Amino acid sequence: RRRNHNNVVVQDGLATMALDNPHGSVVSVPRKPAEMQVARANPNLIENNETVLPLQKAQTLAWARTLLEDGQLDEAERVVQDHLAQDGQSTAALGIMAVLEQKRGNLEASNRYYNRLLRLEPDRYRWWLELATNLDQAKRGKEAISFYKHVLKMENVDDHVLRFARERLRALEGKSTP
């Protein structure tokens, strides 16, 4: 058992990190979702679904994102699908699946995930923008235009996103003026 400067403990090949809280909780950092576990340093602390499950879900999705970034698409899909089997309305998981399908070049499958996300979070500009981008990439310009225009009408949109949407609209509509 070793402890380094970041409060990480390595024991039996499994890294754990002490959280800053009065109960001395320890969270296992998974190498694989199957190895995911939450260990308690204080046996008097009662584990319940309100504290353990959200942490496990977050770890699972972080693992899926890592797999996705590493190009391990099949394994990332398996992890996310397992998560969705338990929580089919998880916008984080649906978002990962949409990106995964984009990376595979399956724009229609990606669009189905983005449409689900739009139903769950209609005020989140990211889903509108990603759908517009997919439609644009699929040469479905008229549909893409309507989604880009919707992004421009939304509130709290980052400036760089607004610039991108305007640029794409100009290109799709054949305009050269701002």
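A quick note: this is a predicted structure, and the numbers were derived from the prediction, not measured.

Novice: What am I meant to see in the overall build of the chain here?
Specialist: Across its full length, the chain carries 7 helices and 5 strands. Taken from the N to the C terminus, the helices and strands of the chain come in the order β-β-β-β-β-α-α-α-α-α-α-α. Taken over 178 residues, the chain has a buried fraction of 38%. Looking at the chain alone, contacts between residues at least 24 apart form 35% of all its contacts between residues at least 6 apart. For the chain, the accessible surface area stands at approximately 11000 Å², while carbon and sulfur atoms represent 48% of it.

Novice: Quick question: what am I supposed to make of unusual backbone geometry here?
Specialist: When glycine is set aside, most residues are seen to have a negative phi, and most peptide bonds are trans. Within the chain, Lys-139 stands out as a residue other than glycine whose phi angle is a positive 65 degrees. With respect to the element layout, Lys-139 can be found in the loop between helix H5 (125-137) and helix H6 (141-153). Residue classification places Lys-139 among the exposed residues on the basis of a relative accessible area of 73%.

Novice: For this particular structure, what's the right way to read the packing of helix H4 (residues 107-120) against H5?
Specialist: Relative orientation and spacing of two packed helices are given, respectively, by the angle between their axes and the distance between those axes. The contact between H4 and H5 brings their axes to 9 Å, and the two run at 155 degrees. Judged on the interaxial angle alone, H5 and H4 are roughly antiparallel. As for how H4 packs across H5, the hand of that crossing is left-handed. Contacts between H4 and H5 pair Leu-107, Ser-110, Asn-111, Tyr-114, Asn-115, Leu-117 and Leu-118 from the former with Trp-127, Trp-128, Glu-130, Leu-131, Asn-134, Leu-135 and Gln-137 from the latter. Taken together, the residues of the contact of H4 with H5 sort by class into 8 nonpolar, 5 polar and 1 charged.

Novice: Would you mind going over the nonpolar core with me for this structure?
Specialist: Where a protein is soluble and globular, its nonpolar side chains tend to be buried together. Counting residues in each nonpolar core, the largest one holds 39 residues, and the members touching the most others are Leu-68, Val-80, Tyr-114, Phe-147, Tyr-148, Val-151 and Val-157. Listing elements by their share of this core, those giving two or more residues are helix H1 (52-69), helix H2 (73-86), helix H3 (91-104), H4, H5, H6 and helix H7 (159-173). When near neighbours in sequence (up to four residues on either side) are disregarded, Tyr-114 contacts Ala-98, Val-99, Gln-102, Trp-127, Glu-130, Leu-131 and Asn-134.

Novice: How do you make sense of H5 when you look at a structure like this?
Specialist: A turn of α-helix holds 3.6 residues, and therefore any two residues three or four places apart point the same way. In this model H5 runs 18 Å from its N-terminal to its C-terminal C-alpha over 13 residues, within 8% of the 18 Å that 1.5 Å per residue would give. When you tally the buried positions in H5, you get 10 out of 13 residues, the bulk of the element. Among the residues of H5, those classed as buried are Tyr-125, Trp-127, Trp-128, Leu-129, Glu-130, Leu-131, Ala-132, Asn-134, Leu-135 and Asp-136. If you follow the buried residues of H5, they end up packed against H3, H4, H6 and H7. Lys-139 sits one or two residues past H5 and shows a positive phi near 65 degrees.

Novice: Help me understand the pattern of salt bridges in this model?
Specialist: Pairing between side chains of opposite charge can happen when their charged atoms approach one another. For the coordinates displayed, the defined rule picks out 10 salt bridges. For Glu-101, the salt bridge is made with Arg-104, and the minimal N-O distance between the two is 3.5 Å. Placement of the pair is Glu-101 and Arg-104 together in helix H3, with a separation of 3 residues, close to one helical turn. The exposure class of Arg-104 is partly exposed, given its relative accessible area of 28%. Residues participating in the shared-partner salt-bridge network are Asp-74, Glu-77, Glu-101 and Arg-104.

The rules behind these values
Residues numbered from 1 in each chain as written. Predicted model: local features only at pLDDT ≥ 70, side-chain atom pairs only at ≥ 80, totals over all residues. Heavy atoms only, no water. Helix = DSSP H or I, 4+ residues; strand = E, 2+ residues; numbered from the N terminus. Buried < 20%, exposed > 50% of the residue type's maximum accessible area, 1.4 Å probe, protein only. Contact = heavy atoms within 4.5 Å. Areas by Shrake-Rupley, 256 points an atom, 1.4 Å probe, with all protein chains shown as cover. Axes fitted to C-alpha atoms, helices over the stretch in contact; angles between N-to-C directions. Parallel < 35°, antiparallel > 145°, perpendicular 65-115°, else oblique. Left-handed = near helix turned anticlockwise from the far one by under 90°. Nonpolar A, V, L, I, M, F, W, Y, C, P; charged D, E, K, R; others polar. Core = buried A, V, L, I, M, F, W, Y, C linked by side-chain atoms within 4.5 Å. Expected span 1.5 Å × (residues − 1). Salt bridge = Lys/Arg side-chain N within 4 Å of Asp/Glu carboxyl O.

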